[in-house]
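Each chain, letter by letter, is given below.
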Amino acid sequence: MIQDIPIQYFLIVSTTMFFIGVCGFIIRRNLITMLMAIELILNAVNINFVVFNKFLFPHQLQGHFFALIVVAIAAAEASVAIALFINIYRRFTNIEVENISEMKY
Amino acid sequence: MELNQLMFFLLAGLILFFSVLAITSRKILRAAIYLLTVLIATSGLYFMLNYEFMAAVQLTLYAGGIVVLIIFSILLTSHISHKFEQPALANVFAGALTGILGCGVAIWSIIKFPFVTTTQPALVVDMKVVGTQLMNTGDYGYALPFEVISVLLLAAMIAAIIIAKKGN
């Protein structure tokens, strides 16, 4: 069901989403919201992989499986990052990046 | 305008609108819900491309798993009624400048680039094809990345447990 939708439309959507994620990573000062910006970036990259697979190489599934692996890596990264945030919260009682400037305790 | 084009523009509008809201909202729980909307609209895009398995994985793993994890950690680490203060003007300026410049360059090169489609016949992607290719070791087989990713997930799980454990 992708007749009359050129590939550029999908790519423009994913590019805009990627740079919104980058912008959020720069603007935000809270660790969890920065993690959410990273999830936006990973999701934009996933759209790119799947769209390139569907439009340019529809006879194989490389982009599809790469996107699947990126989702798994995002899950692993989110779980480790959130474990770190909870540990940081125990020591500093907040998770704003300005207040966390030392690793020794 | 055709119906599928209408659907595409609806999903694209949802994605862009809610991703902007997700990085500008001053309440953290709302930002998480906006992120959830973006992820669900993305799975709608995958459904449009006829990759049903990818869309299902997106819904269950991203929208179901990661967002729930993020919401739990929000509830553990911050007050729900807490509002962020306005970010510093220099930060907003730097972020917006990076975003707009990068976006402009990338979109300009996308529009200029001549995309060439392969002439081979398209593969009908059903669940059987996905399963055989994921577990295959020969041509068009992805068994090695599958195994590597399972080891990575195990390592990440053990690391998360050890890091978040109380005491030593």
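Each value, and the rule that gives it
Residue numbers here run from 1 along each chain, matching the order of that chain's written sequence. Labels are handed out in written order, letters beginning with A for the chains and numbers beginning with 1 for the ligands. Local features in this predicted model are restricted to residues whose pLDDT is 70 or higher, and side-chain atom pairs enter the listing and the counts only when it is 80 or higher, whereas totals over whole chains, interfaces and linings include all residues. Only DSSP runs of H or I with at least four residues qualify as helices, and only runs of E with at least two residues qualify as strands; both kinds are numbered from the N terminus onward. Values of the radius of gyration come from C-alpha atoms, whereas the globule rule sets the reference at 2.2 Å times the count of residues to the power 0.38. A pair of residues counts as a contact when their C-beta atoms, built from backbone coordinates, are separated by no more than 7 Å. To sort residues by burial, count the other C-beta atoms lying within 10 Å of each one's C-beta; a count of 20 or more means buried, 12 or fewer means exposed, and anything in between means partly exposed. C-beta atoms are built from the backbone. Throughout, the edges of the domains are those of an automatic or database domain assignment. An axis is simply a line fitted to the C-alpha atoms; with a helix, the fit covers only the stretch in contact. Between two such axes, the angle follows the N-to-C directions and lies from 0 to 180 degrees. Note that the term roughly parallel is reserved for angles under 35 degrees, roughly antiparallel for angles over 145, roughly perpendicular for angles of 65 to 115, and oblique for everything else. Here a crossing is taken to be left-handed if its near helix is turned anticlockwise relative to the far helix by less than a right angle, and right-handed if that turn runs clockwise. Any residue outside Ala, Val, Leu, Ile, Met, Phe, Trp, Tyr, Cys, Pro, Asp, Glu, Lys and Arg is labelled polar, Gly included; the first ten of those are nonpolar and the last four are charged. Put simply, a nonpolar core is buried Ala, Val, Leu, Ile, Met, Phe, Trp, Tyr and Cys residues tied into one set by C-beta atoms within 7 Å. Here a helix's expected span is defined as the number of its residues, less one, multiplied by 1.5 Å. A residue's pLDDT is the confidence the predictor assigns to it, expressed on a 0 to 100 scale.

Colleague: In this structure, what is going on with the overall build of chain B? I would like to understand it.
Modeller: Counting its regular elements, chain B contains six helices and zero strands. Starting at the N terminus and walking to the C terminus, you meet the elements of chain B as α-α-α-α-α-α. Relative to the compact-globule value of 15 Å for 168 residues, chain B shows a C-alpha radius of gyration of 21 Å, a clear excess of over 25%. C-alpha extents for chain B along the principal axes are approximately 55 × 50 × 30 Å. The long-range fraction of contacts in chain B, counting pairs at least 24 apart against all pairs at least 6 apart in sequence, stands at 45%.

Colleague: Where do I start with the overall build of chain A in this structure?
Modeller: Of the regular secondary structure elements, chain A holds three helices and zero strands. Counting helices and strands in the order they occur from the N terminus, chain A gives α-α-α. Relative to its length of 105 residues, chain A is extended, with a C-alpha radius of gyration of 18 Å against a globular reference of 13 Å. Judged by the C-alpha coordinates and their principal axes, chain A covers about 55 × 25 × 20 Å. A buried classification covers 48% of the 105 residues belonging to chain A.

Colleague: Can you walk me through the domain arrangement of chain B in this structure?
Modeller: Frequently, the measure chosen for interface size is the accessible area that the parts lose on association. Taken domain by domain, chain B consists of domain 1 (1-82) and domain 2 (122-168). Each of domain 1 of chain B and domain 2 of chain B has a C-alpha centre, and these two points are 23 Å apart.

Colleague: Looking at this model, I keep getting lost on the packing of helix H1 (residues 7-27) of chain A against helix H4 (residues 89-112) of chain B. Mind explaining?
Modeller: In helix packing, the relevant descriptors are the interaxial angle and the interaxial distance, both defined with respect to the helix axes. One way to put it is that H1 of chain A packs onto H4 of chain B with a least axis distance of 8 Å and a crossing angle of 160°. Between H1 of chain A and H4 of chain B, the crossing angle belongs to the class labelled roughly antiparallel. Crossing hand, H1 of chain A versus H4 of chain B: right-handed. Here the contact of H1 of chain A with H4 of chain B is composed, by residue class, of 16 nonpolar, eight polar and no charged.

Colleague: What exactly am I supposed to notice about the interface of chain A and chain B here?
Modeller: Of the residues lining the interface, 64 residues belong to chain A; the matching set on chain B comes to 74 residues. Going through the elements one at a time, H1, helix H2 (31-56) and helix H3 (62-92) of chain A are the ones with two or more residues in the side of chain A that touches chain B. Split by residue class, the side of chain A that touches chain B holds 47 nonpolar, twelve polar and five charged.

Colleague: How do you make sense of the environment of Thr 118 of chain B when you look at a structure like this?
Modeller: Looking at where Thr 118 of chain B falls in the secondary structure, it is placed in the loop between H4 and helix H5 (127-135). Residue classification places Thr 118 of chain B among the exposed positions, given that 12 C-beta atoms sit within 10 Å. Setting aside residues up to four positions removed in sequence, Thr 118 of chain B forms contacts with Leu 56, Phe 57 and His 59 of chain A.

Colleague: Teacher, can you tell me more about the nonpolar core here?
Modeller: In summary, soluble globular proteins display a tendency toward joint burial of nonpolar side chains. By size, the foremost hydrophobic cluster in this structure holds 64 residues, and its most contacted members are Ile 32, Met 36 and Val 50 of chain A together with Ala 22, Ala 32, Leu 35 and Val 38 of chain B. Broken down by secondary-structure element, the contributors of at least two residues to this core are H1, H2 and H3 of chain A together with helix H1 (3-24), helix H2 (28-48), helix H3 (52-77) and helix H6 (143-164) of chain B. A per-element tally of this core places H2 of chain A first, with twelve residues. Shared between two domains, this core takes at least three residues from each, and those domains are domain 1 (1-82) and domain 2 (122-168) of chain B. Discounting residues that sit within four places of it in the chain, Leu 35 of chain B has contacts with Met 36 and Glu 39 of chain A together with Ala 22 and Val 67 of chain B.

Colleague: Looking at this structure, I do not really get unusual backbone geometry. What am I missing?
Modeller: Leaving glycine out, the prevailing phi sign among residues is negative, and the prevailing peptide bond configuration is trans. With phi around 55°, Thr 93 of chain A is a residue other than glycine that occupies positive phi space. Locating Thr 93 of chain A in the fold gives a position in the segment after H3.

Colleague: Is there a simple way to think about the packing of H1 of chain B against H2 of chain B in this case?
Modeller: Residues and elements named next belong to chain B. Here H1 crosses H2 at 155°, and the two axes come no closer than 8 Å. By the angle class used here, H1 and H2 are roughly antiparallel. Remark: the crossing between H1 and H2 carries left-handed chirality. For the pair H1 and H2, the contacting residues are Asn 4, Met 7, Phe 8, Leu 11, Leu 14, Ile 15, Phe 18, Ser 19, Leu 21 and Ala 22 in the first and Ala 31, Tyr 34, Leu 35, Thr 37, Val 38, Ala 41, Thr 42, Gly 44, Leu 45 and Met 48 in the second. Of the residues contributing to the contact of H1 with H2, the split by class is 15 nonpolar, five polar and no charged.

Colleague: Honestly, H1 of chain B in this entry has me stumped. Any pointers?
Modeller: Each full turn of the α-helix corresponds to 3.6 residues, which orients residues three or four apart in the same direction. Compared with an ideal rise of 1.5 Å per residue, which puts 22 residues at 32 Å, H1 of chain B spans 32 Å between its outermost C-alpha atoms and is within 8% of the ideal. In this fold, the buried residues of H1 of chain B make contact with H1 and H2 of chain A together with H2 of chain B.

Colleague: For this particular structure, what's the right way to read the confidence of the model for chain B?
Modeller: Low pLDDT marks regions whose predicted coordinates should not be analysed in detail. When pLDDT is averaged across chain B, the result is 89; 99% of the residues are at 70 or more. Confidence metrics for the complex model read pTM 0.91 and ipTM 0.91.

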